[in-house]
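The residues making up each chain are set out below.
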Amino acid sequence: MSAVTLHETDSPSDEDSAGALDILRTFTRASVPRLDNHDYALLLKDETGVLQGGLIAQSRWGSFHVDILALGDTLRGQGWGTRLMQKAEAEARSRHCHHMRLDTYAFQAKAFYERHGFEVYGQIEGPEPYYPHYFMMKRI
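Here goes a summary of the coordinates provided.

Moving on to the overall build of the protein. The helix and strand tally for the protein stands at 3 helices and 6 strands. The principal-axis extents of the C-alpha atoms in the protein amount to approximately 55 × 40 × 35 Å. In the protein, which comprises 140 residues, the proportion classed as buried is 28%. For the protein, contacts bridging at least 24 residues in sequence account for 47% of all contacts bridging at least 6. Considering the protein, the positive charge centre built from 15 side chains and the negative charge centre built from 19 side chains are found 10 Å apart.

Given below as structure tokens:
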């Protein structure tokens, strides 16, 4: 093996992020019988194609992880969040997932997720306004 050097950055390139994911997937393929990782996105774009909000998720081995749910100010309070969560849950069911999971901070959307059937299964304490940090799940 050639010499390895450590490079520290707070902005990894897309190529480096993809490369790290490839290394992880290579390890995973050797460790489990079936690689089952599928991305999912619901994107809200305006008439010019500019992203105004959306939901980004992944399914993996019966779990559906909502990584990002984001709505621009003009879309909040109009039911878009509920529609996105409903469509994501329908997709999770079609992928034969057993549960959905996500995490959120105190200043974000805990009450919204609770209204959609999610429950806290873990919590990290810390200074306000950022914490607590909630880990939430919904069995489907």
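The next point concerns the pairing of strand E2 (residues 51-60). Consecutive residues of a regular strand have side chains that alternate between opposite faces of the sheet. Pairing of strand E1 (residues 37-45) with E2 involves 9 bridges; the strand directions are antiparallel. In the sheet register, Asp39 faces E2, and the bridge partner there is Gln58. Here E1 folds back onto E2, and the loop between the two strands holds 5 residues, one of which, Gly49, carries a positive phi near 90°. As judged from the 8 bridges shared by E2 and strand E3 (residues 63-71), these two strands associate in the antiparallel manner. Within the sheet, the bridge partner assigned to Arg60 lies in E3 and is Ser63.

What follows covers the packing of aromatic side chains. Here the structure, examined in full by the defined rule, presents 7 aromatic pairs. Consider the rings of Tyr113 and Phe118, whose centres lie 6.0 Å apart with planes at 70°: the pair is edge-to-face. Taken as a pair, Tyr113 and Phe118 share a single burial class, namely buried. Grouped by ring-pair contacts, the aromatic residues Tyr105, Phe107, Tyr130 and Tyr131 constitute a single cluster. Residue placement shows Arg83 over the ring face of Trp80; its charged tip is 4.1 Å from the ring centre. The positively charged end of Lys110 is found above the aromatic ring belonging to Tyr134, 4.9 Å away from the centroid.

In this section: the environment of Phe118. On the secondary structure map, Phe118 appears in the loop between helix H3 (110-115) and strand E5 (119-124). Residues within four places of Phe118 in sequence aside, it is in contact with Met85, Met100, Arg101, Leu102, Tyr113, Met136, Met137 and Lys138.

Procedures and definitions
Residues numbered from 1 in each chain as written. Predicted model: local features only at pLDDT ≥ 70, side-chain atom pairs only at ≥ 80, totals over all residues. Heavy atoms only, no water. Helix = DSSP H or I, 4+ residues; strand = E, 2+ residues; numbered from the N terminus. Buried < 20%, exposed > 50% of the residue type's maximum accessible area, 1.4 Å probe, protein only. Contact = heavy atoms within 4.5 Å. Lys, Arg positive; Asp, Glu negative; His and termini not counted. Charge placed at Lys NZ, Arg CZ, Asp CG, Glu CD. Pairing = 2+ DSSP bridges. Phe/Tyr/Trp six-rings, centres within 6.5 Å; stacked < 30°, edge-to-face > 60°. Lys NZ or Arg CZ within 6 Å of the ring centre and 35° of its normal.

Function cannot be inferred from these measures alone, as they are strictly geometric.
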